[in-house]
Amino acid sequence: MTDELVEKVRAGNDHAFRILIETYKQTIYRTVYSVLRNQKDAEDVTQEVFIKIYTSLPQYKNQGFKTWITRIAVNHAIDLKRKRQRQKEEPHEERSSEADLGASDDVEAVFFQNERRKQVLRKLNDLPEGYRDVVYDYYIKEKTFKQIAEEQQIQVKSVEVKLYRARNWMRKHWKEEDFS
């Protein structure tokens, strides 16, 4: 059914695209929200993702539509998150006066973000030694499985297994209250 809708959209049928949006908007929203953790940003990015999907449909190769759009959503959300992070790291003088209107809110948000980061880094020391480096490299340094495997001179599958076991360890030993 989805591939038929995609073909109709490619042929210029706007109604078919509306059906695709209705079918997948919750999936895209949840995906984007899991990256951004902000309702307003997630709503905005969800709309942007659908525009990107529409313009990228000619490149779609009928190989798992849901996977394809989810990848677009994740990549777009990560790009936005990185862009905002870079903007926060810019020197203060380069910001416009409009951005400074909410500066006290930004300072507070950055403070709490830095505090959360410190808490996570402290908690990382609690992890068993075999998991610590993989978790740090993957979540803090945002390295790929392949990069971690090459640096540690192990197989990619070993990185995946270590990360899986580390996540299970964290679920079992860490509580939400530890980070509030």
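In case you missed it, the structure is sitting above this.
Owing to the predicted nature of the structure, the values given are computational and were not obtained by experimental measurement. (Residues numbered from 1 in each chain as written. Predicted model: local features only at pLDDT ≥ 70, side-chain atom pairs only at ≥ 80, totals over all residues. Heavy atoms only, no water.)

Asks: How should helix α9 (residues 156-173) be read in this particular structure?
Replies: Along an α-helix, a turn takes 3.6 residues, which lines up residues three or four apart on a common side. The end-to-end C-alpha distance of α9 is 26 Å, a good match for the 26 Å that 18 residues give at a rise of 1.5 Å each. If you check which residues of α9 are buried, you get Val 159, Leu 163, Ala 166, Trp 169 and Met 170. Looking down the long axis of α9, one finds its buried residues gathered within 125° of arc, a one-sided arrangement. Set apart from the buried face of α9 by more than 90 degrees, the exposed residues are Lys 157, Tyr 164, Arg 171 and Lys 172. Turning to α9, the residues buried within the fold contact α7 (129-140) and α8 (145-152). (Helix = DSSP H or I, 4+ residues; strand = E, 2+ residues; numbered from the N terminus. Expected span 1.5 Å × (residues − 1). Buried < 20%, exposed > 50% of the residue type's maximum accessible area, 1.4 Å probe, protein only. Arc of directions from axis to C-beta. Contact = heavy atoms within 4.5 Å.)

Asks: Is there a simple way to think about unusual backbone geometry in this case?
Replies: With the exception of glycine, the majority of residues adopt a negative phi angle, and the majority of peptide bonds are in the trans configuration. Despite not being glycine, Arg 37 shows a phi value in the positive range, around 55°. Note on placement: Arg 37 falls in the loop between α2 (14-36) and α3 (39-56). Although it is not a glycine, Gln 153 sits at a positive phi angle of roughly 55°. Along the chain, Gln 153 turns up in the loop between α8 and α9. Residue class for Gln 153 comes out exposed when judged on its relative accessible area of 73%.

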